[in-house]
Structures are given as C-alpha cells and as structure tokens.
Amino acid sequence: MIKNHILEIKNLSVTIGNNPVIKNLNMGIPENNIVAIMGPSGCGKSTLIRSINRMHELNDNVRVSGEILFEDKNIYEKNAMFIRSQIGMVFQKPNPFPNMSIIDNVLSGYILTGKKITKKEKMEIAETSLKKAFLWEEVKDRLFERGSFLSGGQQQRLCIARSLALKIKLLLLDEPTSALDPIATSKIEELIEELKKEITILIVTHNTSQASRISNLTAFMYFGELVEYGKTNQLFTVPRDKRTEEYLMGKFG
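Residues numbered from 1 in each chain as written. Predicted model: local features only at pLDDT ≥ 70, side-chain atom pairs only at ≥ 80, totals over all residues. Heavy atoms only, no water.

Student: Please explain the overall build of the chain as it appears in this structure.
Tutor: Along the backbone of the chain there are eleven helices and ten strands. Relative to the globule expectation of 18 Å for 253 residues, the C-alpha radius of gyration of the chain, 18 Å, shows essentially globular dimensions. Once the C-alpha set of the chain is aligned to its principal axes, its extents read approximately 55 × 40 × 35 Å. Per-residue burial over the chain gives 52% buried out of 253 residues. In the chain, once contacts between residues fewer than 6 apart in sequence are set aside, the share between residues at least 24 apart is 67%. Counting every atom, the chain has about 12400 Å² of accessible surface; 48% of that belongs to carbon and sulfur. One finds the centroid of the 34 positive side-chain charges in the chain at a distance of 3 Å from the centroid of its 29 negative side-chain charges. (Helix = DSSP H or I, 4+ residues; strand = E, 2+ residues; numbered from the N terminus. Rg over C-alpha atoms; globule rule 2.2 N^0.38 Å. Buried < 20%, exposed > 50% of the residue type's maximum accessible area, 1.4 Å probe, protein only. Contact = heavy atoms within 4.5 Å. Areas by Shrake-Rupley, 256 points an atom, 1.4 Å probe, with all protein chains shown as cover. Lys, Arg positive; Asp, Glu negative; His and termini not counted. Charge placed at Lys NZ, Arg CZ, Asp CG, Glu CD.)

Student: What is the right way to read the sheet that holds strand β4 (residues 62-70) from this model?
Tutor: Working definition: the strands of a sheet are paired by backbone hydrogen bonds and lie parallel or antiparallel to each other. The sheet built from four strands is open, its strands ordered β2-β1-β4-β5 with antiparallel pairing. Either end of the sheet is taken by a strand with one partner, and the two such strands are β2 (19-30) and β5 (73-74). Taken together, the eight bridges between strand β1 (residues 5-16) and β4 define a ladder with antiparallel strand orientation. Across the sheet, residue Leu7 finds its bridge partner in β4, namely Phe70. (Pairing = 2+ DSSP bridges.)

Student: Honestly, the pairing of strand β10 (residues 225-231) in this entry has me stumped. Any pointers?
Tutor: Two faces belong to every sheet, and in a regular strand the side chains alternate between them. Pairing geometry for strand β9 (residues 217-222) and β10, over six bridges, is antiparallel. Following the sheet pairing, Thr218 is matched in β10 by Gly230. Connecting the antiparallel pair β9 and β10 is a turn made up of two residues, with Phe223 showing a positive phi of about 50°.

Student: What am I meant to see in the packing of aromatic side chains here?
Tutor: In this description, a pair of aromatic rings is defined by centroid distance and the angle of the planes. Per the stated rule, a full pass over the model turns up three aromatic pairs. Ring geometry for Phe220 versus Tyr222: centroids 6.3 Å apart, planes at 15°, classification stacked. Judged by relative accessible area, Phe220 falls into the buried class, the value being 0%. Both rings, one in Phe220 and one in Tyr247, keep their centres 5.0 Å apart while their planes meet at 35°; by these two values the pair is tilted. Pair noted here: Phe220 is in strand β9 and Tyr247 is in helix α11 (residues 242-248), with a separation of 27 residues, a long-range link. For Tyr247, a relative accessible area of 7% corresponds to the buried category. Ring pairs connect the aromatic residues Phe220, Tyr222, Phe223 and Tyr247, which therefore count as one cluster. (Phe/Tyr/Trp six-rings, centres within 6.5 Å; stacked < 30°, edge-to-face > 60°.)

Student: Explanation requested: the packing of helix α5 (residues 119-132) against helix α7 (residues 152-164) in the structure shown.
Tutor: If you want to describe how two helices pack, look at the angle between their axes and the distance between the axes. Where α5 meets α7, the axes come as close as 8 Å, and the angle between the chain directions of the two elements is 130°. Relative to α7, α5 is oriented oblique. Both α5 and α7 take part in a crossing whose hand is right-handed. Here α5 contributes Ser129, Leu130 and Lys132 to the contact with α7, which in turn contributes Leu158, Ala161 and Leu164. (Axes fitted to C-alpha atoms, helices over the stretch in contact; angles between N-to-C directions. Parallel < 35°, antiparallel > 145°, perpendicular 65-115°, else oblique. Left-handed = near helix turned anticlockwise from the far one by under 90°.)

Student: How do you make sense of the nonpolar core when you look at a structure like this?
Tutor: Generally speaking, nonpolar side chains in soluble globular proteins are found buried as a group. Leu130, Ile160, Leu171, Leu173, Ile192, Leu195 and Ile201 are the most contacted members of the largest nonpolar core, which has 43 residues in total. Beyond its immediate chain neighbours, meaning those up to four positions away, Leu195 contacts Lys132, Ile160, Leu164, Leu171 and Ile201. Residues Ile37, Phe70, Phe91 and Val204 belong to the second largest nonpolar core, which totals 32 residues. (Core = buried A, V, L, I, M, F, W, Y, C linked by side-chain atoms within 4.5 Å.)

Student: Looking at this model, I keep getting lost on a nonpolar patch on the surface. Mind explaining?
Tutor: Taken together, the side chains of Phe97, Ile111 and Leu112 define a hydrophobic patch exposed on the protein surface, amounting to about 270 Å² of accessible area. Here Leu112 is to be found in helix α4 (residues 108-113). (Patch = residues over 30% accessible without salt bridge, like charges linked within 9 Å, V, L, I, M, F, W, Y side chains within 5 Å. Salt bridge = Lys/Arg side-chain N within 4 Å of Asp/Glu carboxyl O.)

This is the structure we're talking about:
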C-alpha cells in the first residue's frame, strides 16, 4: 500500500438484492486530503461510503466482497464499533439526537458505548470538538438545550462535532450541504478545509462546483464503476474519459 494512504479499497463490489451497485472498485485515499466523490444519482456514491463505515451489515439484503484497508488493516476483520469510532459519518440530513442536549449530542459516542470519562473531561472534549466544528461561540451558553433546536447548518456542524469528539481519523460526508442555504454551506465548506489539517475527509457531492472548490482529489462514478480518479484541477480541466467530460458539462446528472 502507498505509504500515505489511510484507506485502500481493493476490488470492492456491493450488491443490493439482485442489483450490483458497486462493481470491482479500486482506489486509495491519501491522508489529510479532501476527496470528493461525484456522479449521477444511483451511481453508488453513498453505497461506497456506507461500505467504508460498515453500515450495510445492518441490511441482510446486501452482499459485499473485496477489501477495505484502513491503516493497513481490513475493516471487516475489526470490531464494527471500533471502526466507527475511527471513521465518522455525517449524513445528508442533520440528525442530532432529538432528546439530547447539545453537550450530550457531542458526547453521545461515549454515552452510548458506556465509556467512562470525568466531568472535567466531558467539558474539555465538548469545548474542543465544538470549537473544531466552528460552533462553540454560537452555543457555549446553550450547551444544555436540545440540539434539535439549532438551525439546519448548526445541526450539521453539531453532527460533525459529535464525530470529532471520538478523535476520528477519517470523516465521511454524504451530501452534507444539500439541505442547507448558501451561507450555511459556506460555513461547512470552510470547516471542511480547516479539518483536513488533522483528519482525512471523503465527501459525496452532486455539486460539481463544490467539489472543484474544496477537494484535492476527485472521483467520478457511473453505474457503479469508478470511471476516473485524480487531482481535482486536472480532472476538471482535462478529464481523461468522455463520460467525465459530459457529466461536468451537465449533459447528464
């Protein structure tokens, strides 16, 4: 494996029912980079990152083959909860726990797994995570209010803080700004660019402008296949595959 690849996907295939959704996909994700995954609806983008977070194990109708190596270790040979403590995931629609306070949402990974931390540690983790998520100044006087009372953009940053609290190494984002207004989207993009100094980020987006703005590398998927993958500026200016060029020109999507 290339030395600086935190994640290596080898011959990954995913079938849902009788439908092959990902077909023999291979790609490496370098550390401390933002990697965008683009492609039309139904091409397998979300299925890919759900595979990395082992969410498909919750569905008996899904079959996965191939290898996903995280820090050189096959994720399917590790405890699923351990993998999810190292690889965080944030979904398209913000999903803070509705009956939990802001601070408990941030600490929910510790609460739900029964991991014991002191009151002082709780406050330190909450403050650090909320600051990293660019949310501390907005909520520091409201920590014991419900997280569901926040705006959509704030809720999405709260969900990111929830992942950061576990000191993850890889963050998976599934269309994290598609339900947000332009101002909230701009804040999330600024946050993502700041976070790559500490962690690796894989973002699924249908927004080609967003991918070109924030990612270092971009992958284009089509009908479950990885068509093209490389440096973002090269893929957007001189795509190697005709299908990539047509997608970027808006001929389909």
